[in-house]
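Now for the letters of each chain:
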Amino acid sequence: MTWAPAFLSNPERFMAFSRWAAPMFGVIAAGLAVAGLYLGFTAPEDYQQGHTVRIMFIHVPAAQLGMFAYACLGVASFLSLIFRHALADAAAQAAAPLGAAFTFLALVTGSLWGRPMWGTWWVWDGRLTSVLVLFLLYIAYIALRASMDDEAKAARAGAILALVGVINLPIIHYSVEWWNSLHQGSSLFAKGGPAMSTVFLVPLLLMSLAYMSAFGSLWLVRIRGEVWRRRAEAAALRAAAG
Amino acid sequence: MFDFKYAEFIVPAFVITAVVFGGMILLSVNHARHWRRRYDELTKSSQTSR
């Protein structure tokens, strides 16, 4: 674990790494998505879900990434709060809009799957409500950061909000076990291995890896943007000071 | 390709996903390019004013 703060503490090393890593992750994501979508659309119908099973290949990875991005936001916020390092704060700030977008996709695609399968667009059960709370946490974090002019105060307030929100992650994960829910239990990480056929498991894993690579690529691009923004603002201040 | 049952739910799910991904890529790349250009402009102007 010692490499992570050391890596984060050196913006020049990060900029050199992200310059080639961001496009590389993007290319990997595109390749995996093409393979995953091909296998997903050529897979047979599910005996219960019919063709709607294809929505799972974009819904499940979106939900996974919504949570993973929040875990990244939490870790970066923790590092920013403890070490007061600008790059950790930039990483937290860059993760929030991406996480919000993935969570939005999970909610919308889940709703589009739920209408034909459950007969309803939405139910206020533990899983759906806790994912909606996750989306609102992202929006609150983005709004809080945008509402404060002082970068240091915004970073601190945002980090505290993000860390409080981390408690929602285990709630989302265990919601289907703790409460009665229309939402199915864990299929990928079920005890005794994945509880699904290989024809569905392979495209789902490919799409999960594609989403993960896409997030990695976009996160690096957004952190780079944040670094340039902060450097530009510092340069503008220096120019104004003469 | 999309004449199967429940296409009215499956197609919007994939279209919305594609649009959101397109938006994420466009906004992220534009944000980084904008601030990179701004930084370059500011550092060039400060060098010429010296």
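Criteria and thresholds
- Residues numbered from 1 in each chain as written.
- Chains lettered and ligands numbered in written order.
- Predicted model: local features only at pLDDT ≥ 70, side-chain atom pairs only at ≥ 80, totals over all residues.
- Heavy atoms only, no water.
- Helix = DSSP H or I, 4+ residues; strand = E, 2+ residues; numbered from the N terminus.
- Rg over C-alpha atoms; globule rule 2.2 N^0.38 Å.
- Buried < 20%, exposed > 50% of the residue type's maximum accessible area, 1.4 Å probe, protein only.
- Areas by Shrake-Rupley, 256 points an atom, 1.4 Å probe, with all protein chains shown as cover.
- Lys, Arg positive; Asp, Glu negative; His and termini not counted.
- Charge placed at Lys NZ, Arg CZ, Asp CG, Glu CD.
- Contact = heavy atoms within 4.5 Å.
- Core = buried A, V, L, I, M, F, W, Y, C linked by side-chain atoms within 4.5 Å.
- Buried area = accessible area lost by both parts, 1.4 Å probe.
- Salt bridge = Lys/Arg side-chain N within 4 Å of Asp/Glu carboxyl O.
- Polar contact = N/O pair within 3.5 Å; in protein donor to acceptor, adjacent residues only side chain to side chain.
- Nonpolar A, V, L, I, M, F, W, Y, C, P; charged D, E, K, R; others polar.
- Axes fitted to C-alpha atoms, helices over the stretch in contact; angles between N-to-C directions.
- Parallel < 35°, antiparallel > 145°, perpendicular 65-115°, else oblique.
- Left-handed = near helix turned anticlockwise from the far one by under 90°.
- 1 Å grid on protein atoms, 1.4 Å probe; cavity = no way out; pocket = protein on both sides within 12 Å on 5 of 7 lines; lining within 4 Å.
- Points joined across faces, edges and corners; volume = space filled by probe spheres on them.

Caption draft 1: A look at the overall build of chain B. What chain B contains, in helices and strands, is one helix and zero strands. Rg of the C-alpha trace for chain B: 21 Å, well past the compact-globule value of 10 Å for 50 residues, more than 25% over. Taking the principal axes of the C-alpha coordinates as reference, chain B spans close to 70 × 15 × 5 Å. The buried share of chain B, taken over its 50 residues, is 34%. Only carbon and sulfur atoms are counted for the fraction: they give 61% of the accessible area of chain B, which is about 3,500 Å². Here chain B carries 7 positive and 4 negative side-chain charges, and the mean point of each set is 16 Å from the other.

Caption draft 2: Representation of the overall build of chain A. Within chain A one finds eight helices and zero strands. Shown N-terminal to C-terminal, the secondary structure of chain A runs as helices and strands in the order α-α-α-α-α-α-α-α. Relative to its length of 242 residues, chain A is compact, with a C-alpha radius of gyration of 20 Å against a globular reference of 18 Å. With the C-alpha coordinates of chain A rotated into their principal frame, the extents come out at 70 × 35 × 30 Å. Burial status across chain A gives 49% buried among its 242 residues. Looking at chain A alone, contacts between residues at least 24 apart form 77% of all its contacts between residues at least 6 apart. Averaging the coordinates of the 16 positive side-chain charges in chain A and doing the same for the 11 negative ones gives two points 6 Å apart.

Caption draft 3: Spatial organisation of the nonpolar core. Ranked by internal contacts, the top residues of the largest apolar core, which has 71 residues, are A:W219 and A:I223. When contributions to this core are tallied by element, the ones reaching two or more residues are α2 (11-42), α3 (53-83), α4 (86-118), α5 (126-147), α7 (168-178) and α8 (198-241) of chain A together with α1 (7-49) of chain B. Not counting residues within four places of it along the chain, the set of residues in contact with A:I223 comprises A:F14, A:L87, A:A90, A:A91 and A:A94.

Caption draft 4: Broad picture of the interface of chain B and chain A. Between chain B and chain A, the residue contacts involve 26 residues of the former and 34 residues of the latter. In total, chain B and chain A occlude about 2,800 Å² of area from one another, counting both sides; carbon and sulfur atoms represent 86% of this. Three residues stand out in chain B for area buried against chain A, namely B:F9, B:F14 and B:W35, and they jointly supply 22% of the buried area on that side. Our count for the chain B to chain A interface comes out at zero salt bridges. The tally of links from chain B across to chain A stands at one residue pair in polar contact (both at pLDDT 80 or more). The residue makeup of the side of chain B that touches chain A, split by class, is 20 nonpolar, three polar and three charged.

Caption draft 5: Spatial organisation of the packing of α5(A) against α7(A). Residue and element names in this part refer to chain A. Put simply, α5 and α7 touch, their axes get as near as 8 Å, and they point 160 degrees apart. As far as their axial angle goes, α7 and α5 are roughly antiparallel. The interaxial crossing formed by α5 with α7 has left-handed handedness. Between α5, through G126, R127, S130, V131, V133, L134 and L137, and α7, the contact on the second element is made entirely by N168, L169, I171, I172, H173, S175 and V176.

Caption draft 6: View of the layout of surface pockets. Residue and element names in this part refer to chain A. The calculated volume of the largest pocket comes to roughly 1,000 Å³. Around the largest pocket, the lining is made up of 39 residues, and of these M56, V60, H183, Q184 and G185 lie nearest the centre. At the level of secondary structure, the elements contributing two or more residues to the lining of the largest pocket comprise α3, α4, α5, α7 and α8. The element that contributes the greatest number of residues to the lining of the largest pocket is α3, accounting for eight residues.

Caption draft 7: Focus on the environment of A:S80. The topology assignment puts A:S80 in helix α3. The residues contacting A:S80, other than those within four sequence positions of it, are A:H85, A:A88 and A:D89.

Caption draft 8: Representation of empty space enclosed by the protein. Residues and elements named next belong to chain A. Considering all chains together, one arrives at one cavity of 30 Å³ or more under this definition. Lining the largest cavity, in full, are A63, G66, M67, T103, A106, V131, L134 and I172. Partitioned by chemical class, the residues of the lining of the largest cavity number six nonpolar, two polar and no charged.

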